[in-house]
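Each chain is listed here by its residues.
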Amino acid sequence: MMERKVVIQLQNGLQARYANQFVQKSSSFNSEISIVKNGRMAAAKGIMGVMALVIRKGEEITLLANGSDEQDAIVTLESFLSSKGG
């Protein structure tokens, strides 16, 4: 199990287009991946759960990954969330 705190840098936070991209990236890994904000947890592979967390730019979240490719998943998702988007 890996855990990493990440400050969101995406210009619109993790909403709409970026939430969809995040879920697609998460779904490409075999590991179980969760995202936590203010004590609320959602599966990173489910668009409704991710969007329900209402994650905005500048907020800190925690990524959790557990599985055979957990390290790759954390690195890839952290990089995406830490980017400025475009």
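Residues numbered from 1 in each chain as written. Predicted model: local features only at pLDDT ≥ 70, side-chain atom pairs only at ≥ 80, totals over all residues. Heavy atoms only, no water.

Undergrad: Looking at this structure, I do not really get the overall build of the chain. What am I missing?
TA: Along the chain, the regular secondary structure elements total three helices and four strands. In the chain, the succession of α and β elements from N to C terminus is β-α-β-β-α-β-α. In terms of overall dimensions, the chain is globule-like: its C-alpha atoms have a radius of gyration of 11 Å, near the 12 Å expected for 86 residues. With respect to the principal axes defined by its C-alpha atoms, the chain has extents near 30 × 25 × 20 Å. A buried classification covers 41% of the 86 residues belonging to the chain. In the chain, the proportion of contacts linking residues at least 24 apart, taken out of those at least 6 apart, comes to 70%. Split by element, the accessible area of the chain, about 4600 Å² in all, is 48% carbon and sulfur. In the chain, 10 side chains carry a positive charge and 8 a negative one; their mean positions are 11 Å apart. (Helix = DSSP H or I, 4+ residues; strand = E, 2+ residues; numbered from the N terminus. Rg over C-alpha atoms; globule rule 2.2 N^0.38 Å. Buried < 20%, exposed > 50% of the residue type's maximum accessible area, 1.4 Å probe, protein only. Contact = heavy atoms within 4.5 Å. Areas by Shrake-Rupley, 256 points an atom, 1.4 Å probe, with all protein chains shown as cover. Lys, Arg positive; Asp, Glu negative; His and termini not counted. Charge placed at Lys NZ, Arg CZ, Asp CG, Glu CD.)

Undergrad: Is there a simple way to think about the nonpolar core in this case?
TA: A general trend in soluble globular proteins is that nonpolar side chains are found buried together. Counting residues in hydrophobic clusters, the biggest one holds 25 residues, and the most contacted among them are Leu-14, Phe-22, Ile-35, Ile-61, Leu-63 and Leu-81. For this core, the secondary structure elements donating two or more residues are strand 1 (2-7), helix 1 (16-27), strand 2 (32-37), strand 4 (60-66) and helix 3 (70-82). With five residues, helix 3 is the largest single contributor of residues to this core. Apart from the residues within four sequence positions on either side, Leu-63 is in contact with Met-2, Glu-3, Arg-4, Val-6, Phe-22, Ser-34, Ile-35, Ile-74, Leu-77, Glu-78 and Leu-81. (Core = buried A, V, L, I, M, F, W, Y, C linked by side-chain atoms within 4.5 Å.)

Undergrad: Help me out: how do you make sense of the packing of aromatic side chains in this one?
TA: The full count for this structure, using the stated rule, is one aromatic pair. Ring centres of Tyr-18 and Phe-80 lie 6.4 Å apart, and the angle between their planes is 65°; on these two criteria the pair is classed as edge-to-face. Of this pair, Tyr-18 sits in helix 1 while Phe-80 sits in helix 3, and the two are 62 residues apart along the sequence. With relative accessibility at 3%, the residue Tyr-18 sits in the buried group. (Phe/Tyr/Trp six-rings, centres within 6.5 Å; stacked < 30°, edge-to-face > 60°.)

Undergrad: How should the environment of Gln-21 be read in this particular structure?
TA: By the element assignment, Gln-21 lies in helix 1. A residue is classified by how much of its surface remains accessible, and Gln-21, at 27% relative accessible area, is partly exposed.

Undergrad: Sorry if this is basic, but what is going on with the side chain of Asp-69 here?
TA: Here Asp-69 shows up in the loop between strand 4 and helix 3. It turns out Asp-69 is buried and unbridged, and the closest side chain with the opposite charge, Lys-45, is 6.9 Å from it. Excluding its chain neighbours within four sequence positions, the residues that come into contact with Asp-69 are Phe-29, Asn-30 and Ser-31. (Salt bridge = Lys/Arg side-chain N within 4 Å of Asp/Glu carboxyl O.)

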